[in-house]
Amino acid sequence: MIRFDDVHKSFGSHQVLKGVTAGIGKGEVVCLIGPSGSGKSTLLRCVNGLETYQSGRIAIDGQPVDAESSGIHDIRTRVSMVFQRFNLFPHRTALENVMEGPLYVLRQDAAEVRERAVALLTRVGLADKVNAYPGSLSGGQQQRVAIARALAMQPQAILFDEPTSALDPEMVGEVLQVMRALAEEHMTMLVVTHEIQFAREVADSVLFLDGGRIVEQGPAGEILRNPKHERTQDFLRRVTHPV
Amino acid sequence: MSKFLTQSAEYMPLLLKGLWLTIAVTILALCLATVLGLVWALLRTSGIRALAAPTRVLVEFVRGIPILVILFYIYFVMPEIGIDLTAFQAGVIGLALTYSCYIGETFRAGIEAVDKGQVEAAKSIGMKRPLMMRRVVLPQAFRIVLPPYANNVVMLLKDSSQVSVISVAELTMQGKMLASSTFNNMTVFTLVALLYLCLTIPLNFVMRRVEIAMGKAP
Ligand SMILES: Nc1ncnc2c1ncn2[C@@H]1O[C@H](COP(=O)(O)OP(=O)(O)OP(=O)(O)O)[C@@H](O)[C@H]1O
Ligand SMILES: [Mg+2]
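- An unreviewed UniProt entry annotates chain B as Putative glutamine transport system permease protein GlnP of Paramesorhizobium deserti.
- What UniProt states about chain B under its Sequence similarities (unreviewed entry) heading is, verbatim, "Belongs to the binding-protein-dependent transport system permease family. HisMQ subfamily."

- As recorded by an unreviewed UniProt entry, chain A carries the name Glutamine ABC transporter ATP-binding protein and is attributed to Paramesorhizobium deserti.
- What the UniProt record of chain A gives under Subcellular location (unreviewed entry) is the line "Cell membrane".
- The annotation that UniProt attaches to chain A under Sequence similarities (unreviewed entry) is "Belongs to the ABC transporter superfamily."

A look at the overall build of chain B
Then, in step 1: Tallying secondary structure elements over chain B gives eight helices and zero strands in all.
Then, in step 2: Each helix (α) and strand (β) of chain B, taken in turn from the N terminus, gives the series α-α-α-α-α-α-α-α.
Then, in step 3: If you line up chain B on its principal axes, its C-alpha atoms span 70 × 50 × 20 Å.
Then, in step 4: When burial is assessed residue by residue, chain B has 44% of its 218 residues classed as buried.
Then, in step 5: Within chain B, contacts between residues at least 6 apart in sequence are counted, and of these 77% link residues at least 24 apart.
Then, in step 6: Accessible area of chain B: about 11200 Å², with a carbon and sulfur share of 70%.
Then, in step 7: For chain B, the centre of its 19 positive side-chain charges and the centre of its 11 negative side-chain charges are spaced 9 Å apart.

Quick word on the nonpolar core
A general feature of soluble globular proteins is that nonpolar side chains tend to end up buried together.
Then, in step 1: Ranked by size, the top nonpolar core spans 78 residues in total, and within it A:Ile2, A:Phe4, A:Val20, A:Ile60, A:Leu159, A:Leu190 and B:Met127 carry the most contacts.
Then, in step 2: It is helix H6 (residues 129-159) of chain B that contributes the most residues to this core, 11 residues altogether.
Then, in step 3: Setting aside anything within four residues of it in sequence, one finds A:Leu159 in contact with A:Ile2, A:Leu44, A:Val47, A:Asn48, A:Val79, A:Ser80, A:Met81, A:Val82 and A:Leu190.

What to know about the UniProt feature "transmembrane region" (unreviewed entry) in chain B
All names here are of chain B.
Then, in step 1: When the UniProt feature table is mapped to this numbering, "transmembrane region" (unreviewed entry) covers residues 20-43, 55-76 and 186-206.
Then, in step 2: Along residues 55-76, the helical share is 86% and the strand share 0%, with 25 Å between the first and last C-alpha atoms.
Then, in step 3: Within the segment residues 186-206, helix and strand shares are 100% and 0% respectively, and the terminal C-alpha atoms sit 30 Å apart.

What about the site of ligand 1?
Residue and element names in this part refer to chain A.
Then, in step 1: Within the structure, ligand 1 sits among 13 residues, and Ser-36, Gly-37, Lys-40, Ser-41 and Thr-42 are positioned closest to it.
Then, in step 2: Within the side chain of Ser-36, one N or O atom sits 2.6 Å away from an oxygen atom of ligand 1.
Then, in step 3: Measuring from an oxygen atom of ligand 1, one finds a side-chain N or O atom of Ser-41 at 2.7 Å.
Then, in step 4: In the complex, 60% of the free accessible area of ligand 1, which totals 630 Å², lies under the protein chains.
Then, in step 5: Looking at the shell around ligand 1, the elements that each hand over two or more residues are strand S2 (14-24) and helix H1 (40-47).
Then, in step 6: Looking at the shell around ligand 1 element by element, the count peaks at three residues for H1.
Then, in step 7: By residue class, the composition of the shell around ligand 1 is three nonpolar, eight polar and two charged.

Details of the pattern of salt bridges
Residues and elements named next belong to chain A.
Then, in step 1: One pass over the structure, following the stated rule, counts 16 salt bridges over all chains.
Then, in step 2: When the shortest N-O distance is used, the salt bridge between Arg-180 and Glu-201 registers 3.2 Å. With Arg-180 in helix H6 (residues 169-184) and Glu-201 in helix H7 (residues 196-202), this residue pair connects regions lying 21 residues apart in the sequence.
Then, in step 3: Overall, Glu-201 belongs to the partly exposed group, its relative accessible area being 46%.

Structural notes on the sheet that holds strand S4 (residues 55-60) of chain A
Residues and elements named next belong to chain A.
Then, in step 1: Taking strand neighbours across the sheet as the criterion, the four strands line up as S2-S1-S4-S5 in an open arrangement whose pairing is antiparallel. Looking at strand neighbours, the two that pair on one side only are S2 and strand S5 (63-64), the edges of this open sheet.
Then, in step 2: Relative to S5, S4 runs antiparallel, the two sharing two bridges. The residue bridging Ile-60 from the neighbouring strand is Gln-63, located in S5.

Some words on the interface of chain B and chain A
Then, in step 1: Opposite the 18 residues of chain B that make contact, chain A presents 23 residues.
Then, in step 2: When chain B packs against chain A, the two sides together hide about 1900 Å² of surface, and 61% of this comes from carbon and sulfur.
Then, in step 3: Summed over the shared surface of chain B and chain A, the number is two salt bridges.
Then, in step 4: Across the salt bridge formed by A:Glu100 and B:Arg135, the nearest N and O atoms sit 2.7 Å from each other.
Then, in step 5: Where chain B packs against chain A, one counts seven residue pairs in polar contact (both at pLDDT 80 or more).
Then, in step 6: Taken together, the elements giving at least two residues each to the side of chain B that touches chain A come down to helix H5 (116-124) and H6 of chain B.
Then, in step 7: It is H5(B) that contributes the most residues to the side of chain B that touches chain A, seven residues altogether.
Then, in step 8: For the side of chain B that touches chain A, a count of residues per class yields eight nonpolar, five polar and five charged.

Rules used in this analysis
Counting starts from 1 at the beginning of each chain's written sequence and moves along it residue by residue. Chain labels run from A onward and ligand labels from 1 onward, assigned in the order the entries are written. A pLDDT threshold of at least 70 governs which residues receive local features in this predicted model, and a stricter bar of 80 or more applies before side-chain atom pairs are shown or counted, although totals over entire chains, interfaces and linings include all residues. Each side-chain value is derived from all of the structure's non-hydrogen atoms; neither hydrogens nor water enter the calculation. UniProt positions are given in the numbering used here, feature names are shortened, and annotations may be inferred rather than shown by experiment. Here a strand is any run of E in DSSP of at least two residues, a helix any run of H or I of at least four, and the numbering for each starts at the N terminus. Remark: exposure states derive from per-residue accessible area (1.4 Å probe, protein chains only) relative to the maximum for the residue type, with buried under 20%, exposed over 50%, and partly exposed in between. Residue contacts are counted whenever heavy atoms from the two residues lie within 4.5 Å of one another. Using a 1.4 Å probe, the Shrake-Rupley method yields the accessible areas, and only the shown protein chains count as cover for residues. Charge convention: Lys and Arg are scored as positive, Asp and Glu as negative, and His as well as the terminal groups of each chain are ignored. By convention, charge coordinates are those of NZ in Lys, CZ in Arg, CG in Asp, or CD in Glu. As used in this record, nonpolar core signifies buried Ala, Val, Leu, Ile, Met, Phe, Trp, Tyr and Cys residues forming a set joined through side-chain atoms within 4.5 Å. Here a residue counts as near a molecule or strand whenever at least one of its heavy atoms sits within 4 Å of it. Identification of polar contacts relies on pairs of N or O atoms within 3.5 Å, with a donor-acceptor requirement for protein atoms, meaning one able to donate a hydrogen and the other able to accept it, and with residues adjacent in sequence counted only if both atoms are side-chain atoms. As a working rule, the residues Ala, Val, Leu, Ile, Met, Phe, Trp, Tyr, Cys and Pro are called nonpolar, Asp, Glu, Lys and Arg charged, and the rest polar, with Gly in that last group. For this document, the term salt bridge refers to a Lys or Arg side-chain nitrogen within 4 Å of an Asp or Glu carboxyl oxygen. DSSP-based pairing: two strands are paired if at least 2 bridges between them are found. A simple way to read buried area is as the amount of 1.4 Å-probe accessible surface that goes missing from two parts once joined, with both sides added.

Right, here's the structure in full:
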């Protein structure tokens with residue numbers, strides 16, 4: 001459903017992606033791991049056109065992603081994104097945040113959108129926070145609203161960029177729990193994460209990105225237990241046994 | 001003191017007439033300047049060079065010219081190219097043009113101060129630029145911009161006295177005429193100053209209350 005073919009990207013003279021080729025099937029959960037600065041966020045952001053890329057091809061269901069074309073808006077309604085820093089709209093309530101896209105972008109019926117938004121917030125455990133503003137919610141709660149906002153678009157896939165990295169440790173679990181439930185329902189997910197345990201349990205496959213290249217990819221169990229490549233072994237040792 | 005009071009009573013009707021004109025010029029110029037300022041700000045942040053660059057030049061030009069010169073220009077030069085304006089119209093247009101550039105810069109700064117993550121979140125749910133501006137960026141920029149905007153309003157009110165140079169009979173002009181006919185400079189200009197304060201002090205107060213109310217809102 002999402003395909004990368006030899007994707008190259010540089011910021012000025014700084015080459016960040018040096019030929020990434022990979023694929024994510026429908027209903028698959030793929031975790032993208034790798035050291036800081038390896039280009040994980042950049043790769044993810046190219047998928048919904050928040051970044052442009054110079055050469056190669058990214059396609060969603062065969063439709064090429066071009067951040068500069070007008071088709072990008074349509075792609076974004078089909079591929080949602082959850083950000084590290086939540087990026088909820090601070091001047092709108094949790095419910096309004098969730099309703100915003102379906103109501104104003106997709107122009108769906110207000111009553112239906114509201115009903116679905118309440119159901120989504122209930123599903124992420126925030127039935128009692130429907131009318132709360134983001135500023136009065138904890139990080140974990142905000143991220144769950146953000147996931148509900150992404151789901152409200154009824155996307156074909158969701159991109160997660162380190163969704164738990166900005167959270168206090170005690171709130172990581174509640175967000176991962178919601179993501180685990182999504183995976184069980186076979187939502188297509190591309191997740192940049194440092195939560196190796198989560199990747200082990202939930203991911204179908206893992207991509208290890210280093211220096212702008214995919215160094216290793218394959219089934220999660222295999223890569224996380226017996227990484228072939230030395231750089232992957234190194235990286236996993238460091239994130240699972242931090243000094 | 002009683003002399004001051006009797007003279008005040010005598011001068012007040014004329015000064016109040018001037019005051020009304022000051023208020024009218026200020027409100028009209030402010031409305032126009034705010035709309036134009038928003039247009040300049042949206043053009044300059046549009047990301048489209050063909051729109052942003054000329055706007056930038058216009059703003060830099062206007063900000064580099066004294067208001068007096070702009071007023072003279074509009075009042076005396078425009079008729080030469082066939083556009084006849086009353087002093088009042090020229091005054092409003094001159095103030096509005098000048099302040100649209102100040103206010104436009106204020107708005108632009110506000111728009112640019114909105115967190116980039118907000119723009120990305122709006123894009124990520126498929127919003128196109130106009131919707132994103134209306135629903136996400138401008139409501140947040142509005143809050144950021146309120147204090148400097150309030151400052152612009154007070155400045156505009158005070159600068160409305162400049163239109164007296166093209167003989168708009170607003171408060172300052174009325175004061176000047178009264179003073180030269182009565183030679184009572186002290187009384188007249190004290191009254192003029194007090195009348196300005198009657199406008200600026202409540203205005204500052206209201207703006208501060210609005211700011212506090214907005215700061216408390218989510
Ligand atoms: N807008 C930008 N302009 C210039 N350079 C950038 C920009 N965004 C990212 N980079 C650079 O691209 C490289 C990859 O960044 P990216 O954010 O994709 O890394 P990452 O793998 O997500 O790292 P992290 O784990 O720290 O989030 C880094 O060297 C970064 O400095
Ligand atoms: Mg990153």
